[in-house]
Amino acid sequence: DVKVTQSSRYLVKRTGEKVFLECVQDMDHENMFWYRQDPGLGLRLIYFSYDVKMKEKGDIPEGYSVSREKKERFSLILESASTNQTSMYLCASSLAGDEQFFGPGTRLTVL
Amino acid sequence: QKEVEQNSGPLSVPEGAIASLNCTYSDRGSQSFFWYRQYSGKSPELIMFIYSNGDKEDGRFTAQLNKASQYVSLLIRDSQPSDSATYLCAVNFSLDSSYKLIFGSGTRLLVRP
């Protein structure tokens, strides 16, 4: 089975802090994705990566950056956290055009 | 504009009934279609995928695809209270080579005991 893990289930940060969310997958998938999910807004794509050191903006990249130094790891960075970034953050991975497998999610609260 | 539309629900059915969840999409050339189940506070988990027109069955679940009508559905037979969740439809759009999926906002299903 594909396993996607995320570094934290719950995280509380203060406005202005730099926040790192880590995601690791163990199935040698090329593609990795970061989403945020908010009530009534569904899943929104922040960034994705189709190869090591490659990244592309999704639908809502503002205020975020990403890093993919190794194939199995994809990091989401909030340069200066703001209260409107309070959300559930979901990482996913996929092989080519196949289904995406999700990690357990990180519920981030920015105070 | 790439769109995947779902009725938000809730869809309420009695235990043992058939639940029918529907999804429409905007790109006629789309090739891959996925159904995810998401329990409250949990992440989405894949339950079905379908690539060809027609029906695909897996246990109590049947996915139906009609590309001409740009319509994909999920039927859940013998619905159980444990099926109560939000069901997300996801589509891979044909002109997008980066393997992104576009997700619908989900339909909440309630199965009454």
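Quick note: structure is the one above.
All chains use their own residue numbering, which begins from 1 and follows the written sequence. Chain A is the first chain written and ligand 1 is the first ligand written, with later ones labelled in order. In view of the model being predicted, local features appear only for residues whose pLDDT reaches at least 70, and side-chain atom pairs are presented and counted only at 80 or more, with totals across whole chains, interfaces and linings using the full set of residues. Calculated side-chain values reflect all of the structure's heavy atoms, with hydrogen atoms and water omitted.

**Q** Just to check I follow, could you spell out the overall build of chain A for this structure?
**A** Strands are runs of DSSP state E lasting at least two residues, helices are runs of H or I lasting at least four, and both sets are numbered from the N terminus onward. When helices and strands are counted, chain A shows 0 helices and 11 strands. When its helices and strands are written in sequence order, chain A yields β-β-β-β-β-β-β-β-β-β-β. With C-alpha atoms as the basis for the radius of gyration, the globule rule is written as 2.2 Å multiplied by the number of residues raised to the power 0.38. Its C-alpha atoms give chain A a radius of gyration of 13 Å, near enough to 13 Å, the size a compact globule of 111 residues would have. Expressed along its principal axes, the backbone C-alpha trace of chain A runs to roughly 35 × 25 × 25 Å. Three exposure classes are used, based on accessible area relative to the maximum for each residue type with a 1.4 Å probe and protein chains only: buried under 20%, partly exposed in between, and exposed over 50%. The burial tally for chain A puts 49% of its 111 residues in the buried class. The contact criterion used is simple: two residues touch if any of their non-hydrogen atoms lie within 4.5 Å. Of all intrachain contacts in chain A linking residues separated by at least 6 positions in sequence, the fraction that spans at least 24 positions is 55%.

**Q** It is not clear to me how the state of the cysteines should be interpreted in this structure. Could you clarify?
**A** The disulfide criterion is simple: two cysteine sulfur atoms within 2.5 Å. Taken as a whole, this structure holds 2 disulfides over all chains when the rule is applied. A sulfur-sulfur distance of 1.9 Å marks the disulfide that ties C23(A) to C91(A). Because the sign of the S-S torsion sets the handedness, a value of about -75° for the bond joining C23(A) and C91(A) places this disulfide among the left-handed ones. Within this pair, whereas C23(A) is found in strand β3 (residues 19-25), its partner C91(A) is found in strand β9 (residues 87-94), the two being separated by 68 residues in sequence. Residues C23(A) and C91(A) agree in their burial class; the two are buried. Put simply, C23(B) and C89(B) are joined by a disulfide, and their sulfur atoms are 2.1 Å apart.

**Q** Looking at this structure, I do not really get the sheet that holds strand β3 (residues 19-25) of chain B. What am I missing?
**A** To summarise the sheet geometry, strands pair through backbone hydrogen bonds and adopt either a parallel or an antiparallel arrangement. Residues and elements named next belong to chain B. The strand order across the open sheet formed by 5 strands is β1-β3-β8-β7-β6, and the pairing between neighbours is antiparallel. Strands with a single pairing partner mark the edges of an open sheet, and in this sheet they are β1 (4-5) and β6 (54-58). In this sheet, strand β7 (residues 61-66) lies alongside β6 in antiparallel orientation, the contact comprising 5 bridges. Across the sheet, residue D55 finds its bridge partner in β7, namely Q64. At least two bridges found by DSSP between two strands is the condition for calling them paired.

**Q** Would you take a moment to explain the side chain of S75(A) for this structure?
**A** All names here are of chain A. Mapped onto the elements, S75 comes out in strand β8 (residues 73-78). For S75, a relative accessible area of 7% gives the class buried. Polar contact is the term for a pair of N or O atoms within 3.5 Å; when the atoms are in protein, one must be able to donate a hydrogen and the other to accept it, and sequence-neighboring residues count only if both atoms are side-chain atoms. Side chain to side chain, S75 and E22 meet in a polar contact 2.8 Å long. Leaving out residues up to four positions away in the same chain, S75 has contacts with L21, E22, W34, S65, V66 and S67.

**Q** What is the right way to read the sheet that holds strand β1 (residues 4-6) of chain A from this model?
**A** All names here are of chain A. Strand order in this open sheet of 4 strands is β1-β3-β8-β7, and the pairing throughout is antiparallel. Both outer strands of the open sheet, β1 and β7 (64-70), are each paired with one neighbouring strand and no more. Taking the axes of each pair of neighbouring strands and ignoring which way they run, one obtains an average angle of 20° across the sheet. Here β3 runs beside β8; their pairing, made up of 6 bridges, is antiparallel. Counted as the bridge partner of V19 is L78 from β8. In this analysis, axes come from line fits to C-alpha atoms, helices being fitted only over the stretch in contact, and the angle between any two N-to-C directions falls in the range 0 to 180 degrees.

**Q** Teacher, can you tell me more about the pattern of salt bridges here?
**A** If the charged atoms of two oppositely charged side chains come close together, the side chains can form a pair. Think of a salt bridge as a Lys or Arg side-chain nitrogen and an Asp or Glu carboxyl oxygen that are within 4 Å of each other. Tallied over the entire structure, the rule returns 9 salt bridges over all chains. Here D28(A) and K71(A) are joined by a salt bridge, their closest N and O atoms 3.1 Å apart. Of the two residues, D28(A) is situated in the loop between β3 and β4 (31-38) and K71(A) in the loop between β7 and β8; the sequence distance between them amounts to 43 residues. You can call K71(A) partly exposed: its relative accessible area is 26%. Put simply, R60(B) and D83(B) hold a salt bridge, and the shortest N to O gap is 2.9 Å. Taken as a pair, R60(B) in the loop between β6 and β7 and D83(B) in the loop between β8 (71-76) and β9 (85-92) lie far apart in primary sequence, 23 residues in all. Classification of R60(B) as partly exposed rests on a relative accessible area of 27%. Linked through salt bridges whose partners overlap, the residues forming this network are R36(A), D38(A) and R44(A).

All quantities given are derived from atomic positions and should not be read as evidence of function.
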